[in-house]
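Below, each chain spelled out in residue letters.
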Amino acid sequence: MKRFVVGIVAAAALVSMTRTVQAQSRTINSEMRTETATVEAIEAASRTVTLKKPDGTYVSVVAGPDIKRFAEIKIGDKVNARYYENVIVRLKQPGEKDVDTKTSSTTGSGQVMAGGTRATQRTVSATITAIDMKAPSVTFAGPNGWKYTSRVSDVAALGKVKVGEKVDVVWTEALLVALEPGK
């Protein structure tokens, strides 16, 4: 069956964007979710596709200009999406400068099958505002009202940090969306 890849934010591309992470870094969240949705609307001018998820909610995605076969997308097509999120936290040294950067790129796949790669990674200095050992989870606050709470897989590492400490949070997202043309 012919498949069309709407967009990819690939972990492989993110490897090239990751800044050097020092020994005191810890991965606090890493998960892969899979979901299926249906194409409900297509706006050709902005290359926006609106998808209806199984729970009835809608999400819009933009197919970048490197997605050459955008015109093949039809209302009713099924979309299988895999979403990957990874968060790495590094305790800051006293006097170290704060950071707030976002890096993203989009390129065509160069393969026979249509597709593309879009990579997104944000690095931000934040302050630990809450630690919940029961969940276990940690909450951060950063610039411009940015807040983030995440489950923590390494409970021992969670016990080594304190509320009020400064960290650099590197948040990486990956999304693979494959479209199956409607019948």
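Cut-offs applied
Residues numbered from 1 in each chain as written. Predicted model: local features only at pLDDT ≥ 70, side-chain atom pairs only at ≥ 80, totals over all residues. Heavy atoms only, no water. Helix = DSSP H or I, 4+ residues; strand = E, 2+ residues; numbered from the N terminus. Buried < 20%, exposed > 50% of the residue type's maximum accessible area, 1.4 Å probe, protein only. Contact = heavy atoms within 4.5 Å. Areas by Shrake-Rupley, 256 points an atom, 1.4 Å probe, with all protein chains shown as cover. Polar contact = N/O pair within 3.5 Å; in protein donor to acceptor, adjacent residues only side chain to side chain. Phe/Tyr/Trp six-rings, centres within 6.5 Å; stacked < 30°, edge-to-face > 60°. Salt bridge = Lys/Arg side-chain N within 4 Å of Asp/Glu carboxyl O. Pairing = 2+ DSSP bridges.

**Remarks on the overall build of the protein**
Part 1 of the argument: Per the secondary structure count, the protein includes two helices and ten strands.
Part 2 of the argument: Listed by position from the N terminus, the elements making up the protein come as β-α-β-β-β-β-β-β-β-β-α-β.
Part 3 of the argument: A total of 183 residues make up the protein; the buried ones form 37% of that total.
Part 4 of the argument: Look at the contacts in the protein between residues 6 or more apart in sequence, and 68% of them connect residues 24 or more apart.
Part 5 of the argument: Carbon together with sulfur atoms contributes 55% to the accessible area of the protein, which is approximately 10,400 Å² in total.

**Thoughts on the side chain of T139**
Part 1 of the argument: Structurally, the position occupied by T139 is in strand β8 (residues 137–141).
Part 2 of the argument: Classification of T139 as buried rests on a relative accessible area of 18%.
Part 3 of the argument: In terms of polar contacts, T139 uses its side chain to reach the side chain of T149, at 2.9 Å.
Part 4 of the argument: Those residues in contact with T139, other than ones at most four positions away along the chain, are T127, I128, T129, A130, Y148 and T149.

**A few points about the packing of aromatic side chains**
Part 1 of the argument: Taken as a whole and judged by the stated rule, the model has two aromatic pairs.
Part 2 of the argument: With 4.7 Å between their ring centres and 45 degrees between their planes, Y148 and W171 make a pair best called tilted. With a gap of 23 residues between them, Y148 in strand β9 (residues 147–151) and W171 in strand β10 (residues 166–180) connect regions that are remote in the sequence.
Part 3 of the argument: An aromatic cluster is built from W146, Y148 and W171, whose rings are joined through pairwise contacts.

**So, unusual backbone geometry**
Part 1 of the argument: The step from A135 to P136 runs through a cis peptide bond, and the omega angle for that step is -25 degrees.
Part 2 of the argument: Of note, P136 is situated in the loop between β7 (116–132) and β8.
Part 3 of the argument: Of note, R47 is a non-glycine position whose phi angle comes to about 60 degrees, a positive value.
Part 4 of the argument: Looking at the secondary structure, you find R47 in the loop between β2 (25–43) and β3 (48–52).
Part 5 of the argument: The phi dihedral of N144 is positive, around 55 degrees, even though this residue is not glycine.
Part 6 of the argument: The residue N144 is located in the loop between β8 and β9 in this model.
Part 7 of the argument: Owing to a relative accessible area of 76%, N144 belongs among the exposed residues under this scheme.

**Considering the pattern of salt bridges**
Part 1 of the argument: Scanning the model with the defined rule gives seven salt bridges in all.
Part 2 of the argument: K92 is the salt-bridge partner of E96, the closest N and O atoms lying 4.0 Å from each other.
Part 3 of the argument: What makes K92 buried here is its relative accessible area of 8%.
Part 4 of the argument: With a closest N to O distance of 2.8 Å, R122 and D100 form a salt bridge. Placement of R122 in strand β7 and of D100 in strand β6 (residues 100–108) is noted, with a sequence separation of 22 residues between them.

**Quick notes on the pairing of β8**
Part 1 of the argument: For β8, the buried fraction is high: four of the five residues fall into the buried class.
Part 2 of the argument: Of the pairings in the sheet, the one linking β8 to β9 comprises five bridges and is antiparallel in character. Paired with F140 across the bridge in β9 is Y148.
Part 3 of the argument: Counting the residues that bridge the hairpin from β8 to β9 gives five residues, and of these N144 lies at a positive phi of roughly 55 degrees.

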